[in-house]
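Understanding the architecture of this molecule
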Amino acid sequence: MANPGASTTIKRKPDIQHANPMAQTLLAKLDYDQLTNCMRCGFCLPACPTFRETGLEPESPRGRIALMKAVADGLMDPDQAFQDQMNHCLGCRACEPACPADVKYGQLIEQARDAIEDHAEHSAPIKGIRKLMFKGVFPHQNRLKWLGRSLALYQKSGLRKIARGTGIMKLFPKHLREMEQILPDATGKGVVERLGTVYPAKGEKVARVALFRGCIMDVMFADTNVNTVKLLSEAGFEVVIPETQVCCGALHAHSGEMDQARDLARVNVKAFREAGVEYIVSNAGGCGALLVEYDHLLSGDPEYRELGEWFAPRVVDVSKLLVEKGRIPEFAEADAAAAAAPVTITYQDSCHLRNVMKSSTAPRELMNQVTGAHFCEMKDSDRCCGSAGIYNVTQPEMAGQILEHKMEHANATNARYLLTSNPGCLLQMKHGIEKHGAKDRMEAMHIVDYLYERIGEKDGR
Ligand code: SF4
Ligand code: SF4
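Residues numbered from 1 in each chain as written. Chains lettered and ligands numbered in written order. Predicted model: local features only at pLDDT ≥ 70, side-chain atom pairs only at ≥ 80, totals over all residues. Heavy atoms only, no water.

- In the nomenclature of an unreviewed UniProt entry, the protein corresponds to Glycolate oxidase iron-sulfur subunit from the organism Cohnella phaseoli.
- Under the heading Function (unreviewed entry), UniProt records this for the protein: "Component of a complex that catalyzes the oxidation of glycolate to glyoxylate." (UniProt positions renumbered as here; feature names shortened; annotations may be inferred.)

1. Describing the overall build of the protein
- Counting secondary structure elements, the protein contains 26 helices and eleven strands.
- Scaling as 2.2 N^0.38, a compact globule of 461 residues should have a C-alpha radius of gyration of about 23 Å, and the protein matches this with 22 Å.
- Judged by the C-alpha coordinates and their principal axes, the protein covers about 70 × 45 × 45 Å.
- Split into buried and exposed, the 461 residues of the protein put 56% on the buried side. (Helix = DSSP H or I, 4+ residues; strand = E, 2+ residues; numbered from the N terminus. Rg over C-alpha atoms; globule rule 2.2 N^0.38 Å. Buried < 20%, exposed > 50% of the residue type's maximum accessible area, 1.4 Å probe, protein only.)

2. Things to note about the domain arrangement of the protein
- Assigned domains within the protein: domain 1 (10-118) and domain 2 (331-453).
- Each of domain 1 and domain 2 has a C-alpha centre, and these two points are 31 Å apart.
- Domain 1 puts 16 residues into the contact, and the matching count from domain 2 is 15 residues.
- Interface area for domain 1 against domain 2, summed over the two sides, is near 1,300 Å², with a carbon-plus-sulfur share of 56%.
- For domain 1, the biggest contributors to the area lost against domain 2 are E53, L90 and C92; these three give 42% of the whole.
- On inspection of domain 1 and its partner domain 2, the count reaches one salt bridge.
- The salt bridge involving R52 is made with D380; its shortest N-O contact spans 3.3 Å.
- At the junction of domain 1 with domain 2, the criterion picks out four residue pairs in polar contact (both at pLDDT 80 or more).
- A per-element tally of the side of domain 1 that touches domain 2 places helix α3 (residues 49-54) first, with five residues. (Domains from an automatic or database assignment. Contact = heavy atoms within 4.5 Å. Buried area = accessible area lost by both parts, 1.4 Å probe. Salt bridge = Lys/Arg side-chain N within 4 Å of Asp/Glu carboxyl O. Polar contact = N/O pair within 3.5 Å; in protein donor to acceptor, adjacent residues only side chain to side chain.)

3. Some thoughts on the side chain of T228
- With respect to the helices and strands, T228 occurs in helix α13 (residues 222-234).
- For T228, the residues in contact, after removing those within four places along its chain, are L211, N283, V318 and V448.

4. With respect to the site of ligand 1
- In the vicinity of ligand 1 lie 13 residues, with C48, C89, C92, R93 and C95 positioned nearest.
- In a pocket analysis with a 2 Å cut-off to the grid points, ligand 1 is assigned to the second largest cavity.
- When residues of the shell around ligand 1 are traced back to their parent elements, those giving at least two are α3 and α4 (61-72).
- Across the shell around ligand 1, the residue classes break down as nine nonpolar, two polar and two charged. (Near = heavy atom within 4 Å. 1 Å grid on protein atoms, 1.4 Å probe; cavity = no way out; pocket = protein on both sides within 12 Å on 5 of 7 lines; lining within 4 Å. Sits in = over half its atoms within 2 Å of the grid points. Nonpolar A, V, L, I, M, F, W, Y, C, P; charged D, E, K, R; others polar.)

5. Structural notes on the packing of aromatic side chains
- The tally for this structure, following the rule as stated, stands at five aromatic pairs.
- Judged by centre distance (5.4 Å) and plane angle (55°), the ring pair of Y417 and Y450 falls under tilted. You can see Y417 sitting in strand β10 (residues 417-420) and its partner Y450 sitting in helix α26 (residues 447-453), a full 33 residues away along the chain. No difference in accessibility class separates Y417 from Y450, as the two residues are buried.
- Members of the aromatic cluster, joined through ring pairs, are F212, F272, Y294 and F311. (Phe/Tyr/Trp six-rings, centres within 6.5 Å; stacked < 30°, edge-to-face > 60°.)

6. Examining the site of ligand 2
- Near ligand 2 you find C38, M39, R40, C41, G42, F43, C44, R62, I65, C99, P100 and A101, and these make up its full shell.
- In this structure, ligand 2 is accommodated by the largest cavity.
- In terms of residue class, the shell around ligand 2 is built from nine nonpolar, one polar and two charged.

7. A closer look at the pairing of strand β4 (residues 279-282)
- Burial along β4 is two-sided: the residues Y279 and V281 and I280 and S282 are all buried.
- By the bridge criterion, three bridges tie strand β2 (residues 207-211) to β4 in an arrangement that is parallel. The residue bridging L211 from the neighbouring strand is V281, located in β4.
- Where β4 lies against strand β5 (residues 315-317), three bridges are found, and the strand directions are parallel. Counterpart to I280 in the pairing with β5 is V315. (Pairing = 2+ DSSP bridges.)

8. Side note on the sheet that holds β5
- Taking strand neighbours across the sheet as the criterion, the five strands line up as β1-β3-β2-β4-β5 in an open arrangement whose pairing is mixed. Of all the strands in the sheet, the pair left with one neighbour each is β1 (198-199) and β5.
- Across the sheet, helix α19 (residues 318-325) lies against β2, β3 (237-240), β4 and β5, angled at about 90° from β5, the strand it touches most. (Axes fitted to C-alpha atoms, helices over the stretch in contact; angles between N-to-C directions.)

9. Things to note about the sheet that holds strand β7 (residues 343-347)
- One open sheet holds the four strands; their spatial order is β9-β7-β10-β11, and the pairing between them is parallel. Looking at strand neighbours, the two that pair on one side only are β9 (373-375) and β11 (443-446), the edges of this open sheet. The sheet shows a mean angle of 30° between the axes of neighbouring strands, taken without regard to direction.
- Where β7 meets β9, three bridges bridge the pair, whose relative direction is parallel. By the bridge assignment, T344 is partnered in β9 with H374.
- Across the sheet, helix α25 (residues 423-435) is in contact with β10 and β11; its angle to β11 comes to roughly 175°.

10. Quick look at the layout of surface pockets
- What the second largest pocket holds in volume is close to 610 Å³.
- Lining of the second largest pocket is provided by 27 residues; of these, P184, L426, K430, E443 and A444 occupy positions nearest its centre.
- If you list the elements that add at least two residues to the lining of the second largest pocket, you get α13, α25, β11 and α26. (Points joined across faces, edges and corners; volume = space filled by probe spheres on them.)

11. Observations concerning the packing of α4 against helix α6 (residues 105-118)
- Across the interface, α4 lies against α6 with an axial gap of 11 Å and an inter-helix angle of 45°. The pairing of α4 with α6 is recorded here as oblique in orientation. Of the two possible hands of crossing, α4 and α6 adopt the one that is left-handed. Listed contacts from α6 to P61, R64, I65 and M68 of α4 are Y105, L108, I109 and A112.
- Of the residues contributing to the contact of α4 with α6, the split by class is seven nonpolar, no polar and one charged. (Parallel < 35°, antiparallel > 145°, perpendicular 65-115°, else oblique. Left-handed = near helix turned anticlockwise from the far one by under 90°.)

Given below as structure tokens:
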């Protein structure tokens with residue numbers, strides 16, 4: 001069945017019939033206006049991590065746009081090399097703020113991947129895994145909870161120790177084994193199970209807001225969701241957590257499953273519209289970046305367009321909401337008093353939070369307000385860490401190279417705490433710290449957890 005949100009407004013598309021079916025789909029799905037908006041100035045090149053790593057034009061935003069246009073214009077076929085270039089892109093969107101022509105690169109790469117995926121010939125196991133995860137698990141909160149409970153059992157019952165002892169983990173690639181080591185404790189008890197669907201404001205109410213709890217976030221980082229609600233409450237917000245909300249669809253959109261991403265967006269816009277809130281709060285840059293673009297995602301769907309337009313401008317990152325509207329509580333670093341010296345903290349930007357949600361100063365403002373802490377800016381903190389959704393799983397080599405540079409800069413700060421605003425970045429930072437044997441001197445934390453733990457007088461409900 002045709003997905004009504006799939007159509008895009010394309011004004012100057014060339015009238016070509018491609019013999020190659022994938023090329024025909026690319027022509028149909030790519031926003032040709034955006035392709036022609038690129039004036040090939042190259043201002044985006046220094047901002048692009050894959051170009052910086054390789055120095056190769058096809059690994060740059062300009063190069064990828066040129067490749068897309070060449071296929072759309074019938075000058076080349078979308079061969080394996082073309083598809084590889086599209087997959088090498090981190091989707092970090094650091095190229096967008098650098099672009100004087102306002103080329104919507106993020107939308108182009110998603111359209112390209114969507115078209116490629118329509119014709120992808122995956123092996124049977126990969127097809128099965130994709131179907132299971134994208135259709136069978138991520139959209140269903142109850143199944144995710146079941147998965148969380150199973151994983152928690154594996155982690156806590158000693159099964160993990162046994163699995164590691166038998167050497168079965170050696171069957172997995174090295175980077176997956178390393179990631180398994182730093183997985184946080186899973187749970188089947190998410191934020192609603194622990195706090196209910198409405199959490200009151202402390203003191204006079206500033207506003208009624210809703211938490212976007214995420215899918216993996218509520219299973220692997222449920223404590224952060226709980227701390228987000230409590231931190232917002234301390235700052236004067238009443239927090240609603242709509243139970244019918246689902247996964248944001250970001251992993252689907254980044255993996256070429258745009259129709260499924262739209263289906264999830266439709267569920268979410270309805271769930272949050274019914275909650276009667278002023279803001280929709282995200283604590284994960286990767287999710288928030290898609291949520292703020294629901295208006296674009298649903299622009300071709302007459303039934304949901306208006307809901308998408310209502311939803312998108314209300315999405316805000318937790319740090320930004322606290323700084324701009326909240327009564328910020330006092331934060332204090334207890335260790336500093338004991339050590340009689342400030343504790344050094346640093347921050348790794350979430351690319352999507354910085355480049356798409358345009359929030360980079362608010363987290364820094366909050367960190368600068370912590371008594372007893374010294375905020376030290378890390379070199380290239382605005383550059384991607386290599387996590388990028390599941391990029392560190394699908395492209396481990398490039399992700400590893402990027403992480404090495406990141407850790408050089410992180411180590412140079414001598415920070416005790418390395419803070420982030422996105423679960424993927426957090427895991428990548430933990431991975432880097434582990435690889436560098438720095439666990440005893442540096443800890444990676446979500447900024448919300450760090451701040452909430454440093455509120456002196458709190459309700460503690
Ligand atoms: S999204 Fe990131 S990796 Fe991809 S082209 Fe833009 S800057 Fe480069
Ligand atoms: S900065 Fe923008 S216009 Fe210039 S090459 Fe990059 S994408 Fe094209």
